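# Residue-level structure breakdown
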Amino acid sequence: MKIKHLEVSLLCAFLLTALIALPAYAQMGPGGNSGGGNSGAGMGNGMMMQGYGFSQYDGRFNGFGSMTFEEAADTFGIPVEDAISDLELPEDMDTQLTILEIEERYGVSGQEIASYMVMNMQQLNMTLNPRERLLMRQEAVQAMRAGRGYGMYFMRQGNFAYGNFTTFNFNESGAIENFAVGGDLLFDSVEISDFEYLDEQVTETTAFYQGVDSQILIQDSPMGVFQVRALADKTVTYNLAEGVTASLEENISSGLENAIPIKITSGNFEGYLLFFRNPLAENPNASINGTEAEISGDKITVKLVKDSVAMFRASPMQPSLMQTGYRYSNNYTYMNQVLNGEIATGRFGAEIALRAGSDYAPVTSYAPVGLQVRDRDRDRIVLNVESELPDGRVIYVNVDNETINLTNPDRLRLRYDGTVIEEADNIDELFAGGSTPLCYRQYENGTASIAVYIPQFSEHEIIIDLEPEGEEGSEDLETAQDEEDMETGEPIAQDEEEETESSPAFELGFAVTGLAVAYRLKHRK
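Thresholds applied
Per-chain numbering applies: the sequence of each chain, read as written, is numbered from 1 onward. For this predicted model, a pLDDT threshold of at least 70 governs which residues receive local features, and a threshold of 80 or more governs which side-chain atom pairs are given and counted, while totals over whole chains, interfaces and linings are taken from all residues. Hydrogens and waters are ignored; side-chain quantities use all the structure's heavy atoms. By convention in these notes, a salt bridge is any Lys or Arg side-chain nitrogen within 4 Å of a carboxyl oxygen on Asp or Glu. Secondary structure elements are taken from DSSP: a helix is a run of H or I of four residues or more, a strand is a run of E of two residues or more, and numbering for both begins at the N terminus. Burial classes: relative accessible area under 20% of the type maximum marks a residue as buried, over 50% as exposed, and values in between as partly exposed (1.4 Å probe, protein chains only). Two strands make a pair as long as DSSP finds a minimum of two bridges between them. Think of each axis as a best-fit line through the C-alpha atoms, taken over the contacting stretch in the case of a helix, with angles from 0 to 180 degrees between the N-to-C directions. By definition, residues are in contact when any of their heavy atoms lie within 4.5 Å. Aromatic rings from Phe, Tyr and Trp, taking only the six-membered ring of Trp, are treated as a pair when their centres fall within 6.5 Å; an angle between ring planes under 30 degrees marks them as stacked, one over 60 as edge-to-face, and anything in between as tilted. The criterion for a charge sitting over a ring is simple: Lys NZ or Arg CZ within 6 Å of the ring centre, and within 35 degrees of the ring normal. What we call a nonpolar core is a set of buried Ala, Val, Leu, Ile, Met, Phe, Trp, Tyr and Cys residues that are connected through their side-chain atoms within 4.5 Å. Roughly parallel covers angles under 35 degrees, roughly antiparallel covers those over 145, roughly perpendicular covers 65 to 115, and oblique covers all other angles. Throughout, a crossing is termed right-handed when the near helix is turned clockwise from the far one, and left-handed when it is turned anticlockwise from it by less than a right angle. The span one expects for a helix is its residue count, reduced by one, times 1.5 Å. What qualifies as a polar contact is a pair of N or O atoms within 3.5 Å, subject to a donor-acceptor requirement within protein and to the restriction that residues adjacent in sequence count only when both atoms come from side chains. pLDDT gives the predictor's per-residue confidence on a scale running from 0 to 100.

### A closer look at the pattern of salt bridges
Considering all chains together, one arrives at 13 salt bridges under this definition. For K234, the salt bridge identified is with D213, shortest N-O distance 2.6 Å. Pair noted here: K234 is in strand β10 (residues 234-240) and D213 is in the loop between β7 (206-211) and β8 (214-219), with a separation of 21 residues, a long-range link. Residue K234 is classed as buried on the basis of its relative accessible area of 4%. Across the salt bridge formed by E423 and R441, the nearest N and O atoms sit 2.6 Å from each other. Of the two residues, E423 is situated in strand β24 (residues 422-423) and R441 in strand β25 (residues 438-444); the sequence distance between them amounts to 18 residues. Owing to a relative accessible area of 39%, E423 belongs among the partly exposed residues under this scheme. On the accessibility criterion, R441 (15% relative accessible area) is buried. Salt bridges sharing partners connect three or more residues here, namely R413, R415 and D465.

### So, the sheet that holds strand β3 (residues 166-171)
Taken in spatial order, the eight strands make up an open sheet running β1-β2-β3-β4-β5-β10-β15-β14, and their pairing is antiparallel. With one partner strand each, in any of the chains shown, β1 (155-157) and β14 (292-296) form the two edges of the open sheet. For this sheet the average axis-to-axis angle between neighbouring strands, irrespective of direction, equals 15°. In terms of strand pairing, β10 meets strand β15 (residues 299-304) through six bridges, oriented antiparallel. Paired with T237 across the bridge in β15 is T301.

### Notes on the sheet that holds β25
With respect to topology, six strands assemble into an open sheet ordered β18-β17-β21-β26-β25-β24, the strand pairing being mixed. The sheet is open, and its two edges are formed by β18 (363-365) and β24, each paired on a single side. Bridge count for strand β17 (residues 348-354) against strand β21 (residues 393-400) is six bridges, and the pairing is parallel. What sits directly across from L354, in β21, is V399. Those strands touched by helix α8 (residues 330-345) are β17, β21, β25 and β26 (447-454), and its axis lies near 130° from that of β25.

### A short note on the packing of aromatic side chains
Per the counting criterion, the structure on display carries 19 aromatic pairs. Seen in terms of ring centroids, F154 and F168 are 5.6 Å apart; in terms of plane orientation they differ by 85°. Their pairing is edge-to-face. Taken as a pair, F154 in the loop between α7 (130-145) and β1 and F168 in strand β3 lie far apart in primary sequence, 14 residues in all. Put simply, the rings of F154, F168, F170, F195, Y197 and Y209 pair up and form one aromatic cluster. When the ring centre of Y396 is taken as origin, the NZ or CZ atom of R313, which lies over that ring, is 5.8 Å away.

### Topic: the nonpolar core
Ranked by internal contacts, the top residues of the largest apolar core, which has 73 residues, are F168, F179, Y238, V302, F312 and L430. Sort the elements by how many residues they give to this core and strand β13 (residues 269-277) lands first, with six residues. What F168 contacts, discounting residues up to four positions off in sequence, is F154, N159, F160, A161, I176, E177, N178, F179, A207, Y209 and I218. In this structure, A73, V80, A114 and V141 belong to the second largest nonpolar core, which totals 37 residues.

### Section: unusual backbone geometry
Of note in this structure, D194 is not a glycine but carries a positive phi near 50°. With respect to the helices and strands, the residue D194 is situated in the loop between β5 (184-192) and β6 (197-203). In this structure D194 comes out as exposed when scored by relative accessible area, which is 62%. In this structure, D307 is a non-glycine residue whose phi angle is positive, near 75°. As for its placement among the helices and strands, D307 is situated in the loop between β15 and β16 (308-314).

### Description of the environment of I192
Mapped onto the fold, I192 is located in strand β5. Setting aside anything within four residues of it in sequence, one finds I192 in contact with S173, G174, S214, I216, V228, K234, T235 and V236.

### Side note on the packing of helix α6 (residues 110-120) against α7
The contact between α6 and α7 brings their axes to 9 Å, and the two run at 140°. The orientation of α6 with respect to α7, classified from their angle, is oblique. For the element pair α6 and α7, the recorded crossing hand is left-handed. Between α6, through Q111, S115, Y116, V118 and M119, and α7, the contact on the second element is made entirely by M136, R137, A140, V141, A143 and M144.

### Points about α8
For α8, with 16 residues, the first-to-last C-alpha span of 23 Å sits near the 22 Å given by 1.5 Å per residue. Lining the buried residues of α8 we find β13, β16, β17, β21, β25 and β26. The first or second residue beyond α8 is G346, which carries a positive phi of 85°.

### Let's talk about the side chain of E351
As for its placement among the helices and strands, E351 is situated in strand β17. Note on E351: relative accessible area 0%, which makes it buried. Among all residues touching E351, those that are not within four sequence positions of it are M223, V225, R313, P362, V363, T364, Y366, L371 and Y396.

### Thoughts on the side chain of T403
Within the secondary structure, T403 sits in the loop between β21 and β22 (412-416). One polar contact links T403 to D400, side chain to side chain, over a distance of 2.5 Å. For T403, the residues in contact, after removing those within four places along its chain, are L354, R355, A356, R376, D377, R378, D379 and I381.

### Focus on the confidence of the model for the protein chain
When pLDDT is averaged along the protein chain, the result is 78, and 77% of the positions lie at 70 or above. Within the model, pLDDT remains below 50 along residues 15-45, and this stretch shows 26 contacts once partners closer than five positions in the same chain are excluded. Throughout residues 471-525 the model reports pLDDT below 50, and contacts reaching past four residues in sequence, or to other chains, amount to 28 contacts.

Next up, the structure:
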């Protein structure tokens, strides 16, 4: 009897534990994380006591919501008139209103105003290290884009443009300030001599600024393309941000005696400053040999001659703002070195990037080659390529795993005018010429880099899709589904565990029930 009482006591204790554990488990999210926690930086706890997520870096944000608008602007060194205009507040707004009063009256949130201050502050907190400033900037960009869609495109506030990959300020004097790619601040400023501002167009993924005799083109893309085009002799000065280094890249030839490509690095991030002839120049054969570039400390000075281009291009990145943990494989690095080198030769025609979160696909042309998306849906991309050039060119496509399923890269199929494209062993084969279309692929951190050689031009169609599942696999699946028990003639039941992921809460309940039934059977005996 004592043994039976002990068994009953143990069973009751087990059931009591289960009753306590199940509600607790129900409050847990995927991976065991509590579903009732904070929803992100700056959320909850009175928006982190009105610090909006930034007071952990900069104490000036403590009690930010209670500051008057004028006080906030003065604290961070931003002209009040500029802040009112950029945030699209009424010109006659009372600047003695507090941030929370402005939120209630005009619908511009305190989070948006705080993020604007982070992105534009002139009075810096000198106790912050570069890493903390970078984190603040990333959080501000994410907060300003929240609720307005994702993917590649520029949002603007005043002279500031911020995209998923590229952010910067434009100054009509001819300076690009605070140029960042992938969250890494690369250039404090890029200044163009004698830039006489005429016009600008910022649409979707491209920002274009027209001067009297120079142009600026910046794209929100994984390559972070930033071009300065000289329509007359120009001097361009790149002032490197803190922690950014520049070095001559002897492995990449530009074909120019005094303008060797320059490698730009920041932690694990890398990109290149390249020099080449403007493909849109009136005289496509004009010499640009007078182009020069030199590095002096934290400054790069480039002397561009007419019809030359200085371009920053990053090795394509993941679609995220934080690149500090990113690594480039040797093959991937080499592929981009070759592509960067061929920009100068003109044999690299154009490139395009696609990300699932955006309907916009930025295209950069390095030769008179047209490249556009004709059709696109999940796991199928149709591109149109056209040119009047007599000889072949290479085009480049960068896609992510959300655009097309890359979990099994062997299924990825490329077709040129309906015919499957032969695959090269290395990227160099594509630039060797020939009469046969070739492709070369690299897979890196959830993205695919695809280069295609087009041997001759008019207009062509390139389809990127997935091969159908193998016939052998399909037959095995049908056999398993149609298999019948020889005696009953009924289909054999499939193990539900293969189709449905088991629930830990269900398993716990099932185990408790099983123990109870077992005890009752034993008690009967």
